[in-house]
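Residue-level structural notes
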Amino acid sequence: MDLLTPQDATRFWLSRRACNDLFLLYCFDDTGWSADALRAAVIARSAEIPELRVRIHEHRFAYPGWEPAVFDDAQVVIHTPEEPLWTAVEAALGEILAHSVPAQRYTWRVHLYRGIRDAPGGSGLALVVVLQLSHALADGRRAASIARELLRGLDAVARKDADFSGGRGDAGSPDGAGSPDGSANRHHGRWTRPHLERVAQTLAAEAISLVSFLPDMVRTVRRGLVAARADRELHSLAEAGEIPPAAPNFAPTALNRPPAPARRVVRVIAGENPHVPGYTVTVVALTAISVALSRYLAIHGESGGPLGAQVSMALPATSDRKSVPHNNYRDLGVDLCAGEPDLRLRARRIAAALAERRIRATHPLQSARDRVTDAMPAPVLRRDLAGYPLDLVPARISGHTVLSSVHRGEADLSIAGGAVRFTAGFPALGAVMHLTHGLHGLGTTVTVSIHADPQVVDVDDYAHMLRAAVREVATQLTGE
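Residues numbered from 1 in each chain as written. Predicted model: local features only at pLDDT ≥ 70, side-chain atom pairs only at ≥ 80, totals over all residues. Heavy atoms only, no water.

Attention now goes to the packing of aromatic side chains. A full pass over the atoms with the stated rule returns four aromatic pairs. Taken together, a centroid distance of 5.9 Å and an interplanar angle of 85° make the contact between Trp-86 and Phe-422 edge-to-face. Here Trp-86 is found in helix α3 (residues 86-96), whereas its partner Phe-422 is found in strand β14 (residues 418-425), with 336 residues between them in sequence. Classification of Phe-422 as buried rests on a relative accessible area of 2%. (Phe/Tyr/Trp six-rings, centres within 6.5 Å; stacked < 30°, edge-to-face > 60°. Helix = DSSP H or I, 4+ residues; strand = E, 2+ residues; numbered from the N terminus. Buried < 20%, exposed > 50% of the residue type's maximum accessible area, 1.4 Å probe, protein only.)

Written out as structure tokens, the structure is:
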């Protein structure tokens, strides 16, 4: 049984306190496939993807482990809004974003919305597919790869299994792993060999963790001292001008105060063109967010202060770790340079700040902190996460909002001949972050998504400002 890395276990344990799942939306032209055909295709195709055939097995002393899982009926949900409109899909998304998958039962779920009118990117009816993944299973880049594997095979699987009638079928794990309660692992009152093997693996993992608890604590302390020295060395290098300084921090605004959201709303901005020669779409989006956010806060009585955003950056695999975590990224705090009135200069400053953050984040000394977590015994990390006050907002924060930017590959996906229109995603909210943004590309099409707490953000007002800001920034930068 492979164990979760501490980074992935952290996402799993936090999901028990607040939903941090990944939601990957893909919009296709709807060619009229029935709900049963879609469901059958998802079930059959998911059985061919190893990442979608696992669940999490919790341990008492060891880190959780990955174990085989069979398909569960609850993993494909056919939604039927009263009015099949795009606005109804957005409203439904606000509901599902609050609920995590039960990762000890299954780690993914697919939501399907058929025959949707007025969806962006086309004039005909749309089929909207939302793949929900446990964050323990994937980060943004890995999730995009899993989604592509699932979606690109639906047509072929459906043609091959045209007479498949849905339900559980034979989409189980290859070793005959049973239902979530383990009942299918019994045969006439006896445990099967696969079940006995997993019991043995569990006992071995627990025994190893108990025996290594004290040595791991010693390693944690030692690595903590090394990490402290690394921090001091990073500071010295920054003072000498050899690496960029530490990221700035910011005073919280009304967008960053508890409590955690009780409700969620989303909006998807599609049809704009953030492609500007000489700039990445991430820089263009951050510049637009800086414009919209500063204007929105000014209208609501908060203006003049510096603004920042957290931007996720994928990390390369390193050879000095036992295993690469499924969540292999680092959040960068980036100054949005909102006080700079010239948008062309602002964009260049944001691009420079983002480049500096990447240089510092990938410096070898930064890995010292990761090595501390790698050595930490599971019970210690689990206890720390269970007791951490998620509604605690520090006096200074690394960003007022979040931008998750992922390109999800070529726009070569289709379902039953229906071409893909666009993709979108919605980074999680929390007591500190009541407004987040997704920036997702498929081919040359890019969407900007908004995920917000309606008690804090007038989402339609902000979406209008952000759409206008994307156009304004693109126009200004193109005119250089």
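Back to the write-up after that little detour.
Our next topic: the pairing of strand β15 (residues 435-442). Counting buried residues along β15, eight of its eight residues qualify, which places the element largely inside the surrounding structure. Covered by surrounding structure in β15 are Leu-435, His-437, Leu-439 and Gly-441 together with Thr-436, Gly-438, His-440 and Leu-442, the residues of both alternating faces. By the bridge criterion, six bridges tie strand β12 (residues 401-407) to β15 in an arrangement that is parallel. Among the inter-strand pairings, Ser-405 is bridged to a residue of β15, identified as Leu-439. Relative to strand β16 (residues 445-452), β15 runs antiparallel, the two sharing eight bridges. Counterpart to Leu-442 in the pairing with β16 is Thr-445. (Pairing = 2+ DSSP bridges.)

Read from one edge of the open sheet, six strands run β4-β5-β6-β1-β14-β13, paired in mixed fashion. Two strands lie at the open edges of the sheet, namely β4 (76-79) and β13 (414-415), each paired on one side alone. Two elements, strand β1 (residues 22-29) and strand β6 (residues 126-133), share eight bridges in a ladder whose sense is antiparallel. Bridge assignment links Cys-27 to a residue of β6, and that residue is Val-128. Against the sheet, α3 contacts β1, β4, β5 (108-116), β6 and β14, and its axis sits at roughly 165° relative to β5. (Contact = heavy atoms within 4.5 Å. Axes fitted to C-alpha atoms, helices over the stretch in contact; angles between N-to-C directions.)

Below, the discussion takes up the sheet that holds β16. Pairing in this open sheet of six strands is mixed, and the strands run β9-β16-β15-β12-β10-β11 from one edge to the other. Looking at the sheet topology across the chains shown, the edges are occupied by β9 (265-269) and β11 (329-335). Here the strands of the sheet are splayed against their neighbours by 20° on average, with no regard to which way each runs. Relative to β16, β9 is paired through five bridges, and the arrangement is antiparallel. Its bridge partner lying in β16, Val-268 is registered against Ser-449.

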